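Structural description and commentary
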Amino acid sequence: MIDLRSDTVTHPTPAMREAMARAEVGDDVYREDPTVNRLEAMAADLMGKEAGLFVPSGTMGNLIGVLGHCQRGDEVIMGHLGHTFLFEVGGVSALGGVFVHTLPNQPDGTLRLEDILAAIRPSDVHHPITRLVVLENTHNRCGGVPLSVEYTRQVGETIHARGLRLHLDGARIFNAAVALGVSAKALAAPADTVTFCLSKGLCAPVGSVLCGSHAFIEQARRIRKQLGGGMRQAGILAAAGIVALETMIERLAEDHRRARELAQGLARLPGLYLPMGLPATNMVFLNLDESLPLDATAFAARLAERGVRVGVVGPRQFRLVTHYWIGDAEVAQTLAAFEDVLALLQ
Ligand SMILES: *Cc1c(COP(=O)(O)O)cnc(C)c1O
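Remember, predicted model here, so these are calculated numbers, not experimental data. (Residues numbered from 1 in each chain as written. Predicted model: local features only at pLDDT ≥ 70, side-chain atom pairs only at ≥ 80, totals over all residues. Heavy atoms only, no water.)

Moving on, we get to the sheet that holds strand S7 (residues 193-197). Neighbouring strands of a sheet are bound in pairs by backbone hydrogen bonds; such pairs are parallel or else antiparallel. Strand order in the open sheet formed by seven strands is S2-S8-S7-S6-S5-S3-S4, with mixed pairing between adjacent strands. For this open sheet the edge positions go to strand S2 (51-55) and strand S4 (99-103), each flanked by a neighbour on one side alone. The sheet shows a mean angle of 20° between the axes of neighbouring strands, taken without regard to direction. Summarising the sheet, strand S5 (residues 130-136) and strand S6 (residues 165-169) pair through five bridges and their orientation is parallel. Bridged to Glu 136 within S6 is Asp 169. (Pairing = 2+ DSSP bridges. Helix = DSSP H or I, 4+ residues; strand = E, 2+ residues; numbered from the N terminus. Axes fitted to C-alpha atoms, helices over the stretch in contact; angles between N-to-C directions.)

Pasting the structure below:
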């Protein structure tokens, strides 16, 4: 099976499995796991923050980020197409009592500065306190688009001047860094806290890291324990994360090249179009023309019969994500499968 549903489907590489088997471990709740400690230090360094915290998922990283910045009843501003709003089970409200104010994500994944400014509540007994803004880089639902250093800096400056904090959902921040030719550190610099995923394009089996100041991460460690995320000999998992950070970042450029080639090939086929244009990173959003007699679910079932799995993200929309296990041959086979399904519709 060629699995393009997400880069979360990536299996650990042979080098990761070897590192996992050899990993030195200890009890990480006692902070005695040397491999976790090493991963957290590496992550903090890459993000330009003082400290890092290994967490089981990006969802938990973002949740702890929001809970660390906000008290019950405080308000967080985020995009209406953001992962934290759409796909994290409402955790910030359910578990933190944090009030969510969504703003329209622009097609490039950004929130307009004037919208953010207008959303910040004046101090008034009737209002919750606006405490935090969440940005996402790359922006998943807007096409895997990277947010620039300059934009992130502008948001950071604007909201810091008003006493708010910035959390960056950098699940795919290394895809953004590679696509823009800048460091992840530069992209994360304006943010008080940042989460990134080891288990997507970087191929580690499990885990994300939340980074921020020493004081914030101390508190985050307590919240992680409260949520049941205190892990013991987690060095087995962290070992794969270290291999990911050491060897899997630069190669993301290959995923981006293949996503572009896949998109160009698909756009040439009749009845298919790219609603968000050519991909900047590893995600291809693809639509079926209204003239085709199949919807995306039925079309995807026919692709699956031909050994290709794609994500169905709308009645006539697919998402295809390239990753380590998708080589040039898999791109060619995917194009052939689409052609085959389309030919049978003629
Ligand atoms: C995948 C993802 C997350 C975290 O997801 P988990 O499955 O919980 O690791 C967070 N934000 C974005 C933008 C993502 O794509």
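Bringing the nonpolar core into the picture now. Generally speaking, nonpolar side chains in soluble globular proteins are found buried as a group. Of all hydrophobic cores here, the largest spans 53 residues; its most connected members are Phe 54, Ile 173, Phe 174, Phe 196 and Leu 198. A per-element tally of this core places helix H11 (residues 235-247) first, with eight residues. Other than its neighbours up to four places away in sequence, Ile 173 contacts Met 47, Asn 137, Thr 138, Leu 168, Ala 184, Leu 187, Ala 188, Val 194 and Phe 196. Formed by 29 residues, the second largest nonpolar core is a distinct cluster that contains Ile 2, Leu 4, Leu 286 and Ile 326. (Core = buried A, V, L, I, M, F, W, Y, C linked by side-chain atoms within 4.5 Å. Buried < 20%, exposed > 50% of the residue type's maximum accessible area, 1.4 Å probe, protein only. Contact = heavy atoms within 4.5 Å.)

The subject of this paragraph is the pattern of salt bridges. Enumeration over the complete set of coordinates arrives at 22 salt bridges. Here Arg 224 ties to Asp 28 by a salt bridge, and the two come within 3.4 Å at their closest N and O atoms. Here Arg 224 is found in helix H10 (residues 214-226), whereas its partner Asp 28 is found in the loop between helix H1 (14-22) and helix H2 (34-47), with 196 residues between them in sequence. As far as burial versus exposure is concerned, Arg 224 and Asp 28 are alike and both buried. Among the ionic pairs, Glu 114 bridges to Arg 112, the shortest N-O distance being 3.1 Å. On the basis of relative accessibility, which here comes to 45%, the residue Glu 114 falls in the partly exposed class. On the basis of relative accessibility, which here comes to 36%, the residue Arg 112 falls in the partly exposed class. Members of the salt-bridge network, linked through shared partners, are Glu 254, Arg 257, Arg 258, Glu 261 and Asp 328. (Salt bridge = Lys/Arg side-chain N within 4 Å of Asp/Glu carboxyl O.)

For the rest of this paragraph, the subject is the site of the ligand. Taken together, the residues surrounding the ligand are Ser 57, Gly 58, Thr 59, Asn 62, His 83, Glu 88, Glu 136, Asn 140, Asp 169, Ala 171, Arg 172 and Lys 200. Thr 59 places a side-chain nitrogen or oxygen 2.6 Å from an oxygen atom of the ligand. Contact between the ligand and Lys 200: an oxygen atom at 2.8 Å from a side-chain N or O atom of the residue. Taken by itself the ligand offers 380 Å² of open surface, and the protein chains cover 85% of this. With three residues, the single largest contributor to the shell around the ligand is helix H3 (residues 58-69). Split by residue class, the shell around the ligand holds one nonpolar, six polar and five charged. (Near = heavy atom within 4 Å. Polar contact = N/O pair within 3.5 Å; in protein donor to acceptor, adjacent residues only side chain to side chain. Areas by Shrake-Rupley, 256 points an atom, 1.4 Å probe, with all protein chains shown as cover. Nonpolar A, V, L, I, M, F, W, Y, C, P; charged D, E, K, R; others polar.)

With that settled, consider the sheet that holds strand S12 (residues 311-314). Here four strands make up an open sheet; going across it, the order is S9-S10-S13-S12 and the pairing antiparallel. Each having just a single partner strand, strand S9 (272-273) and S12 make up the two edges of the open sheet. Across the sheet, helix H14 (residues 328-345) lies against S9, strand S10 (283-288) and strand S13 (317-321), angled at about 160° from S13, the strand it touches most.

By volume, the largest pocket amounts to about 200 Å³. Lining the largest pocket are 14 residues, and of these Arg 5, Phe 87, Asn 140, Val 313 and Arg 319 sit closest to its centre. A per-class count over the lining of the largest pocket returns four nonpolar, five polar and five charged. For the lining of the largest pocket, the domains that each give at least three residues are domain 1 (14-247) and domain 2 (251-344). In this structure, the second largest pocket spans a volume of roughly 160 Å³. What lines the second largest pocket is a set of 14 residues, and nearest its centre among them are Glu 88, Val 89, Gly 90, Gly 91 and Val 92. When residues of the lining of the second largest pocket are traced back to their parent elements, those giving at least two are H3, helix H4 (83-86) and helix H5 (91-96). Ranked by the residues each element gives to the lining of the second largest pocket, the list is headed by H5, at four residues. Taken together, the residues of the lining of the second largest pocket sort by class into seven nonpolar, six polar and one charged. (1 Å grid on protein atoms, 1.4 Å probe; cavity = no way out; pocket = protein on both sides within 12 Å on 5 of 7 lines; lining within 4 Å. Points joined across faces, edges and corners; volume = space filled by probe spheres on them. Domains from an automatic or database assignment.)

This paragraph deals with unusual backbone geometry. That bond from Asn 137 to Thr 138 is cis: its omega, -5°, falls within 30 degrees of zero. Among the structural elements, Thr 138 can be located in the loop between S5 and helix H7 (149-160). Even without a glycine there, the phi angle at Arg 31 is positive, about 65°. With respect to the helices and strands, Arg 31 occurs in the loop between H1 and H2. According to the relative accessible area criterion, Arg 31 is partly exposed, its value standing at 39%. For Val 89, which is not glycine, the phi dihedral falls at a positive 60°.

What follows deals with the UniProt feature "domain: Aromatic amino acid beta-eliminating lyase/threonine aldolase" (unreviewed entry) in the protein chain. Under the present numbering, the feature "domain: Aromatic amino acid beta-eliminating lyase/threonine aldolase" (unreviewed entry) in UniProt falls on residues 3-289. Taken as a whole, residues 3-289 contains 41% helix and 16% strand, while its terminal C-alpha atoms sit 23 Å from one another. (UniProt positions renumbered as here; feature names shortened; annotations may be inferred.)

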